[in-house]
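# Coordinate analysis (summary)
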Amino acid sequence: MSAAGKGTDGALLRVSGLGAGYGGMPVLDSVSLEVRPAEIVAVVGSNGAGKTTLLRALSRVIAATGQIEFKGQDLVPMTADQVFCEGLVQVPEGRQLFDRMTVEDNLLMAADRRSDKAVALEDLRRMYALFPRLGERRRQLAGSMSGGEQQMCAMARALMARPILLAIDEMSLGLAPVVIEQLMEVLARIRDEGVTVLLVEQDVHLALSVADRGYVMETGRIVHEGAASDLIDDPAVRKAYLGL
Ligand code: ATP
């Protein structure tokens, strides 16, 4: 994976005028945002706002128009595989683990591009330190684990790829508060270790409580942006998303 770099303006990821959709139906309407190195940035919004579509467009899984600059490079002409190799790695909604493989094999799959097995094993040890539960369950089939454990496995698998920017789709969906709290602590920890995080969440309060900055998305457009603490206090955001 390439060394961490950034654009000339200090942003790690800079998106402008991004459009994307499905079968000729537009979903994203000129989305612009930026993520700076070692930030946690939240993109929040209701069901169907276009958050997953945004991540798919960034990862080049679906076609997009506009600009996507990552480490100063244009991602638009790249394939999904190239984007992954550049260090923009997704934890997809629904986790997409290999259910019939063990936790450990799921994690090692992510490292199999690496020729140095010793490094992969060292990364595996780091993952078990970050998620002790996965260490205890290393021989268990991924599909037989709880939702929270599967989310940990999906995050660890993505981290095994040594991302520069980790993009996580609906991390908290369906999970118990105690598990969500553990995952939030992991996010803060990996950010402190230098991994930049783009967190896409329907749970607006949760995401803004861990993020440095946030963007609120409605029907494919960014309608509010700012420091996460300011957004939590913004009367329009509070009324629309926090029931306050
Ligand atoms: P959720 O949290 O429910 O996933 P979201 O904010 O991530 O919501 P998207 O999944 O990006 O929203 O969906 C945005 C719009 O795009 C919705 O109207 C949805 O129906 C549509 N859409 C999503 N995936 C597809 C697809 N594969 N084909 C056609 N339309 C799609």
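Just so it is clear, the model here is predicted, and its values are computed rather than measured. (Residues numbered from 1 in each chain as written. Predicted model: local features only at pLDDT ≥ 70, side-chain atom pairs only at ≥ 80, totals over all residues. Heavy atoms only, no water.)

## Concerning the sheet that holds strand 8 (residues 196-201)
Taken together, the six strands give an open sheet; going across it, the order is 6-7-8-3-9-10, and neighbouring strands pair in mixed fashion. A single partner strand is all that each edge strand has here, and the edge strands are strand 6 (88-91) and strand 10 (221-227). Neighbour-to-neighbour, the strand axes of this sheet turn through a mean angle of 15°, independent of strand direction. In the packing of helix 1 (residues 51-58) onto the sheet, the strands contacted are strand 3 (40-44), strand 6, strand 7 (165-169), strand 8 and strand 9 (213-218), and the crossing angle to strand 8 comes to about 145°. Of the strands in this sheet, strand 6 and strand 7 touch helix 6 (residues 147-160), which is tilted by about 170° from strand 6. (Pairing = 2+ DSSP bridges. Helix = DSSP H or I, 4+ residues; strand = E, 2+ residues; numbered from the N terminus. Axes fitted to C-alpha atoms, helices over the stretch in contact; angles between N-to-C directions. Contact = heavy atoms within 4.5 Å.)

## Focus on the packing of helix 3 (residues 103-110) against helix 6
Contact geometry for helix 3 and helix 6: axes closest at 7 Å, N-to-C directions at 30°. As far as their axial angle goes, helix 6 and helix 3 are roughly parallel. The two elements helix 3 and helix 6 meet at a crossing, and its hand is right-handed. Counting all contacts with helix 3, which are made through Val103, Asn106, Leu107, Leu108 and Ala110, the residues of helix 6 involved are Cys153, Ala156, Arg157 and Met160. Split into classes, the residues belonging to the contact of helix 3 with helix 6 amount to seven nonpolar, one polar and one charged. (Parallel < 35°, antiparallel > 145°, perpendicular 65-115°, else oblique. Left-handed = near helix turned anticlockwise from the far one by under 90°. Nonpolar A, V, L, I, M, F, W, Y, C, P; charged D, E, K, R; others polar.)

## Some remarks on the site of the ligand
In the vicinity of the ligand, 14 residues are found, and the nearest of them are Asn47, Gly48, Lys51, Thr52 and Thr53. The backbone of Gly48 places a nitrogen or oxygen atom 2.7 Å from an oxygen atom of the ligand. Between the ligand and the protein, one listed contact pairs an oxygen atom with a side-chain N or O atom of Gln202 at 2.9 Å. In the complex, the protein chains occlude 60% of the 630 Å² of accessible area that the ligand would expose alone. Looking at the shell around the ligand element by element, the count peaks at four residues for helix 1. Split into classes, the residues belonging to the shell around the ligand amount to three nonpolar, seven polar and four charged. (Near = heavy atom within 4 Å. Polar contact = N/O pair within 3.5 Å; in protein donor to acceptor, adjacent residues only side chain to side chain. Areas by Shrake-Rupley, 256 points an atom, 1.4 Å probe, with all protein chains shown as cover.)

## Re unusual backbone geometry
With a phi close to 55°, Lys71 is a non-glycine residue in the positive phi region. Mapped onto the fold, Lys71 is located in the loop between strand 4 (65-70) and strand 5 (73-74). Its identity as a non-glycine residue notwithstanding, Thr219 has a phi of 35°, on the positive side. If you trace the backbone, Thr219 turns up in the loop between strand 9 and strand 10.

## A closer look at the confidence of the model for the chain
Model confidence for the chain is summarised by a mean pLDDT of 91, while 94% of its residues fall at 70 or above. pLDDT under 50 marks residues 1-8. Its contacts with residues more than four places away, or in other chains, come to 24 contacts. (pLDDT = per-residue confidence, 0-100.)

## Here's the deal with the pattern of salt bridges
For the structure on display, the rule yields 16 salt bridges. The salt bridge involving Arg126 is made with Asp123; its shortest N-O contact spans 3.4 Å. Of this pair, Arg126 and Asp123 are both found in helix 4 (residues 117-130), three residues apart, which corresponds to roughly one turn of the helix. With a relative accessible area of 0%, Asp123 lands in the buried category. Here Asp212 ties to Arg191 by a salt bridge, and the two come within 2.9 Å at their closest N and O atoms. (Salt bridge = Lys/Arg side-chain N within 4 Å of Asp/Glu carboxyl O. Buried < 20%, exposed > 50% of the residue type's maximum accessible area, 1.4 Å probe, protein only.)

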